[in-house]
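# Overview (structure and organization)
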Amino acid sequence: CPVFADHQDSYKTLEKIDSKADKLEFGVLINQIIDALLTKLADTNTNLQSKAAEALVKSSFYALVGPVIQIERILSKRDIKGNITKESKSHKHLAGRLQLLASLINQHKLGQNDINIQRVTAYAIENLSMNNALVRQNAYLVLLRLYETIGIQLLTFLALHGQTK
């Protein structure tokens, strides 16, 4: 892939940055990069959307970035400065974030011990009632991926938290 071919050294560096001090030092920058890439998930250029999603998924396999950090940024309606983002209400952004969330859960087989199931399911359920069909479809996909990973535990969780009818 040409986008990543130019940045192979950067990815090799990401593999080496694994200490707690390094993570703290680079944490703010990583969050800014993740937020910038999340914004591009709704770009009008579909090639750019695809490359942003690919970069997010690929970087999630490095300890410094990891899927959990990305999921926290996906679920957040605020930027790293604490301001509510315009993307938190955009159907295109929501659909892209939900699709990425489903992909991360699926590729990393994330379950109760890895992520905050309550926040993830609440985010997905909240978006099931959106007007946009793609947002609803991707919200359903998140729940499906969770179910594929943790099975009946998801149904138990939903029942305990009053999310089933």
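The coordinates are above.
Overview of the structure. (Residues numbered from 1 in each chain as written. Predicted model: local features only at pLDDT ≥ 70, side-chain atom pairs only at ≥ 80, totals over all residues. Heavy atoms only, no water.)

### Section: the environment of Met130
The criterion, for reference: Going along the chain from the N terminus, every DSSP run of H or I of four or more residues is numbered as a helix, and every run of E of two or more is numbered as a strand. Contacts: residue pairs with any heavy atoms within 4.5 Å of one another.
Within the element layout of this structure, Met130 appears in the loop between helix 7 (117-128) and helix 8 (133-150). Each C-alpha atom, one on Met130 and one on His91, is 8.4 Å from the other, the two residues being 39 residues apart in sequence. Non-local contacts of Met130, meaning those with residues more than four positions away in its chain, are made with His91, Leu94, Val135 and Arg136.

### With respect to the layout of surface pockets
Threshold: The definitions used throughout rest on a 1 Å grid laid over the protein atoms alone, on which a cavity is an enclosed set of points accommodating a 1.4 Å probe that cannot get out and a pocket is an open set flanked by protein within 12 Å on both sides along at least five of seven lines; lining residues are those having an atom within 4 Å of a point. Grid points are joined across faces, edges and corners, and a volume is the space filled by probe spheres set on the points. Residue type decides the class: Asp, Glu, Lys and Arg count as charged, Ala, Val, Leu, Ile, Met, Phe, Trp, Tyr, Cys and Pro as nonpolar, and the leftover types, Gly among them, as polar.
Considering only enclosed or pocket space, the second largest pocket measures out at about 240 Å³ in volume. Around the second largest pocket sit 15 residues that line it, and Leu41, Gln49, Ala95, Gly96 and Gln99 are the ones nearest its centre. Breaking the lining of the second largest pocket down by element, the ones donating at least two residues are helix 4 (46-59), helix 6 (91-108) and helix 8. Ranked by residue count, the leading element in the lining of the second largest pocket is helix 6, at seven residues. The residue makeup of the lining of the second largest pocket, split by class, is seven nonpolar, seven polar and one charged.

### Regarding the environment of Ile33
Let me state the cut-off plainly: Only protein chains enter the accessibility calculation, which uses a 1.4 Å probe; a residue whose area is less than 20% of its type maximum is buried, one above 50% is exposed, and one in between is partly exposed.
Mapped onto the elements, Ile33 comes out in helix 3 (residues 20-40). Assessed through its relative accessible area of 48%, Ile33 is described here as partly exposed. Taking the C-alpha atoms as reference points, Ile33 and Leu56, separated by 23 residues in sequence, lie 9.4 Å from one another.

### Notes on a nonpolar patch on the surface
This is how it is decided: Here a patch means residues that are over 30% exposed by relative accessible area and free of salt bridges, tied together within 9 Å if like-charged and within 5 Å if nonpolar (Val, Leu, Ile, Met, Phe, Trp, Tyr). Per-residue and other accessible areas follow the Shrake-Rupley method at a 1.4 Å probe size, with only the shown protein chains counted as cover for residues. Salt bridge, as applied in this entry: a Lys or Arg side-chain nitrogen positioned within 4 Å of an Asp or Glu carboxyl oxygen.
A cluster of nonpolar side chains, contributed by Tyr147, Ile152 and Leu155, occupies part of the molecular surface with about 290 Å² of accessible area. Tracing the backbone shows Tyr147 in helix 8.

### With respect to the pattern of salt bridges
Tallying each qualifying case throughout the model produces five salt bridges. One salt bridge in this structure joins Asp43 and Lys40, with 3.7 Å as the shortest N-O distance. Owing to a relative accessible area of 19%, Asp43 belongs among the buried residues under this scheme.

### With respect to helix 7
The line we're drawing: Multiplying 1.5 Å by the residue count of a helix minus one yields the expected span of that helix. The arc in question is the one spanned by the directions pointing from the helix axis to the C-beta atoms. Each polar contact in these results corresponds to two N or O atoms within 3.5 Å; when the atoms are within protein, one needs to be able to donate a hydrogen and the other to accept it, and residues that are neighboring in sequence are counted only if both atoms are side-chain atoms.
Taking 1.5 Å per residue, 12 residues should reach 16 Å; helix 7 reaches 16 Å between its end C-alpha atoms and fits that length. Burial in helix 7 covers these residues: Ile117, Val120, Thr121, Tyr123, Ala124 and Asn127. Looking straight down helix 7, one finds that the buried residues subtend no more than 155 degrees of arc, so they occupy a single side. Elements in contact with the buried residues of helix 7: helix 5 (66-75), helix 6, helix 8 and helix 9 (152-160). Two to three positions downstream of the cap, the backbone nitrogen of Gln118 sits 3.1 Å from a side-chain oxygen, assigning the N-cap of helix 7 to Asn116.

### Section: the side chain of His108
Checked against the element boundaries, His108 lands in helix 6. At a separation of 2.8 Å, a polar atom in the side chain of His108 contacts the side chain of Ser60. What His108 contacts, discounting residues up to four positions off in sequence, is Ser60, Phe61 and Pro67.

### Quick notes on the packing of helix 6 against helix 7
This is how the line gets drawn: Comment: axis = line fitted to C-alpha atoms, over the contacting stretch for helices; angle = value between 0 and 180 degrees taken between N-to-C directions. Between 65 and 115 degrees an angle is taken as roughly perpendicular, under 35 as roughly parallel, over 145 as roughly antiparallel, and anywhere else as oblique. By convention, the crossing between two helices is left-handed when the near helix turns anticlockwise from the far helix through less than a right angle, and right-handed when the turn is clockwise.
Contact geometry of helix 6 with helix 7 gives a least axis separation of 12 Å together with a crossing angle of 140 degrees. Between helix 6 and helix 7, the interaxial angle falls into the category oblique. Crossing geometry of helix 6 relative to helix 7 is assigned as left-handed. Between helix 6, through Leu94, Arg97, Leu98, Leu101 and Ile105, and helix 7, the contact on the second element is made entirely by Val120, Tyr123, Ala124 and Asn127.

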